[in-house]
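Working through the structure, step by step
Residues per chain, in single letters:
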Protein chains: 2
Amino acid sequence: MEQGPNEGRGIKSDETLFDIVEHIQDLDGAGVTELAEGLDIAKSTVHGHLTTLRDRGLVVKRGQQYHLGLKFFEYGQYVRSQLDIFQSGMFAVDRLEAETGEMSWLITHQNGKAIYVYGRGGDNDIDVNTILGTQVHMHFNSGGKAILAHLPDEEVERIVDEHGLPARTENTITDRERLYDELEQIREQGYALNLSEDLEGIQAIGVPLMVNGEIQGALSVAGPAHRMSKERCEGEILDHLRAATDEIDLTLAYR
Amino acid sequence: MEQGPNEGRGIKSDETLFDIVEHIQDLDGAGVTELAEGLDIAKSTVHGHLTTLRDRGLVVKRGQQYHLGLKFFEYGQYVRSQLDIFQSGMFAVDRLEAETGEMSWLITHQNGKAIYVYGRGGDNDIDVNTILGTQVHMHFNSGGKAILAHLPDEEVERIVDEHGLPARTENTITDRERLYDELEQIREQGYALNLSEDLEGIQAIGVPLMVNGEIQGALSVAGPAHRMSKERCEGEILDHLRAATDEIDLTLAYR
DNA sequence: GAGCGTGTTCGGGATTTTCGAACGGGATTC
DNA sequence: GAATCCCGTTCGAAAATCCCGAACACGCTC
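Residues numbered from 1 in each chain as written. Chains lettered and ligands numbered in written order. Predicted model: local features only at pLDDT ≥ 70, side-chain atom pairs only at ≥ 80, totals over all residues. Heavy atoms only, no water.

Brief notes about the interface of chain A and chain B
As a reminder, the rule being used: Note on contacts: a residue pair qualifies if any of its non-hydrogen atoms lie within 4.5 Å across the two residues. In this description, buried area is defined as the sum, over both parts, of the accessible area (probe of 1.4 Å) that is lost when the two are combined. Definition used for salt bridges: Asp or Glu carboxyl oxygen within 4 Å of a side-chain nitrogen of Lys or Arg. Nitrogen and oxygen atoms within 3.5 Å of one another constitute a polar contact, given that in protein one can donate a hydrogen and the other can accept it, and given that sequence-neighbouring residues count only through two side-chain atoms. Per the convention used, a helix needs a DSSP run of H or I reaching at least four residues, while a strand needs a run of E reaching at least two, with both numbered from the N terminus. Nonpolar residues are Ala, Val, Leu, Ile, Met, Phe, Trp, Tyr, Cys and Pro. Charged residues are Asp, Glu, Lys and Arg, and all others, Gly as well, are polar.
Residue-level contacts link 57 residues of chain A with 56 residues of chain B. Taken together, the two surfaces of chain A and chain B that pack against each other cover about 5,300 Å², and 55% of this comes from carbon and sulfur. Together, A:Arg56, A:Leu70 and A:Phe73 form the three largest contributors to the area buried by chain A at its contact with chain B, with a combined 14%. Counting across the chain A and chain B interface gives six salt bridges. Of the charged contacts, one joins A:Arg56 and B:Glu15 as a salt bridge, the two residues approaching to 3.2 Å between their closest N and O atoms. Run the count over chain A and chain B and you get 25 residue pairs in polar contact (both at pLDDT 80 or more). Mapped onto the side of chain A that touches chain B, the elements with two or more residues apiece are helix H1 (12-27), helix H3 (43-55), helix H4 (71-82), helix H5 (86-100), strand S3 (103-110) and strand S4 (113-120) of chain A. Here the element with the most residues in the side of chain A that touches chain B is H4(A); it accounts for eleven residues. Its residues placed into classes, the side of chain A that touches chain B shows 23 nonpolar, 21 polar and 13 charged.

The structure is reproduced here in structure tokens:
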């Protein structure tokens, strides 16, 4: 049979396996027929994969519906705990939230996307747990921009090539040159702002987390624009962020 | 080729895929050769699977080492947030920790094992995050026993058949009959104790979480024996646990 | 009780996984 | 500084295996 565009070395059956996993996630649980039709593969094929997944605890069957299993949660917790910055970053987020009363985040990056690793809600009523673990574009996220600013130019370019610069609001940076200019400025001032570039009315500030001269992640504080003015961000909140990164540096140095 | 003992319907290639994933986890990151030798399969086969996994963000390559990727964390957070009891259970754990000053947990079960879903450390210095997400036997865990007590007898038997009753300390229940007797008692009194049955010097109390008459999980409070006396567990702490479950019942009823 | 909708099983054909050997690059060693 | 080792990666070919479609079993509704 003919080959796909850039494929040939991967394992096709693994591909369909995770197509199934993701489809179950998209549908919040699904049946065999539903999955087979949605992915356009035979019912028996889907059934085979589900059987293997079930034996391993990666999928559970409730009635006639298959759902993702808590084995994924076990893997996920393991992966998070393996991050160098996790321990100290978590501690920093807890304190940032207490000091500022605003939503605080520990963020890292992988494959050109920013990932929310740990967060606390602040006085907001937003549910931290629906955000936790999600992957977002880096160019409309204060932490993401702080990370981008400390990545090699070629890698930034590669990331933009791969993921593009989609707009979220009318303030989102969608122009390559403007992004590069802002990254330059972020490097100089040591922090990144997000002025309603992701969600209308939400502003944030983020600072990079460096370990041994390499960017490992970012800390950020976010909140409604009326409380998170540019002045407050660059004053009080930046001071807290700087104190937090200093302490993380110290912790990781004496590891 | 000949067939395995009870296999035949699963997908073999999926099986090796997750063998690789688990081996990477066991080794905290590994190279291709290392994995191939450890699992006794060809290097090129391992490489093929890793390529697919990498394309999907499930695995990342740092230097010559492959590590599990944060995509697993994304899946894991999703699975946890899907649990019916998660929202209200998390809230309850936060309050239990504040009220008692002891380590508090939300636990659920899947495939006959207890899983730590959410926890807070209390005044202890134990790291909650290394426990979070792990799966443990139910018979030496206060929450696990509370869950077992409300499962159908046949399922309890199935679970014991599958996972056995391994000892952790000399107080661990390793006898079927003694377990059944204690489960009966737990059903009557409405709570389960753990008196150094898991770790020497650690005691705990757990209560079941029922939704629509079906067991969904448990809440537990644990701490060092000198603070977590049987009297304190069955008095003050049980009161807090009862208040917490009442509130969860209310929340889930008005859903 | 017939009909529809599930999930599940089965066998055979063909795609694809698997293997082993060869390739290329980086570090270490003599 | 060159040769060697060890690693990850690529390649081609044999056959084991995955995939398909049809048939089966089961529960529900009409």
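Don't stop here, the text continues.
What to know about the protein's contact with DNA strand D
To keep it simple, the criterion reads: Nearness is defined per residue: one heavy atom within 4 Å of the molecule or strand is enough.
Around DNA strand D sit 20 residues, and of these A:Ser44, A:Thr45, B:Thr33, B:Lys61 and B:Tyr66 come closest. Between DNA strand D and A:Thr45, the relevant distance is 2.6 Å, taken from a phosphate oxygen to a side-chain nitrogen or oxygen of the residue. In this structure, a phosphate oxygen belonging to DNA strand D sits 2.6 Å away from a side-chain N or O atom of B:Tyr66. Those elements that place two or more of their residues in the surface near DNA strand D are H1 and H3 of chain A together with helix H1 (12-27), helix H2 (32-39) and helix H3 (43-55) of chain B.

A look at the pairing of strand S1 (residues 59-62) of chain B
All names here are of chain B. For clarity, the cut-off: Note: two strands are recorded as paired if DSSP finds a minimum of 2 bridges between them.
Pairing analysis gives four bridges linking S1 to strand S2 (residues 65-68), with the strands arranged antiparallel. Bridged to arginine 62 within S2 is glutamine 65. With antiparallel pairing between neighbouring strands as the criterion, S1 and S2 make up a hairpin whose turn holds two residues, including glycine 63 at a positive phi of roughly 65°.

What to know about the sheet that holds strand S3 (residues 103-110) of chain B
All names here are of chain B. Judged by pairing direction, the sheet is antiparallel, and its six strands sit side by side in the order S5-S4-S3-S8-S7-S6 without closing on themselves. Each edge of the open sheet is held by one strand with a lone partner, namely strand S5 (135-136) and strand S6 (192-195). Summarising the sheet, S3 and strand S8 (residues 214-224) pair through five bridges and their orientation is antiparallel. Paired with methionine 103 across the bridge in S8 is alanine 222.

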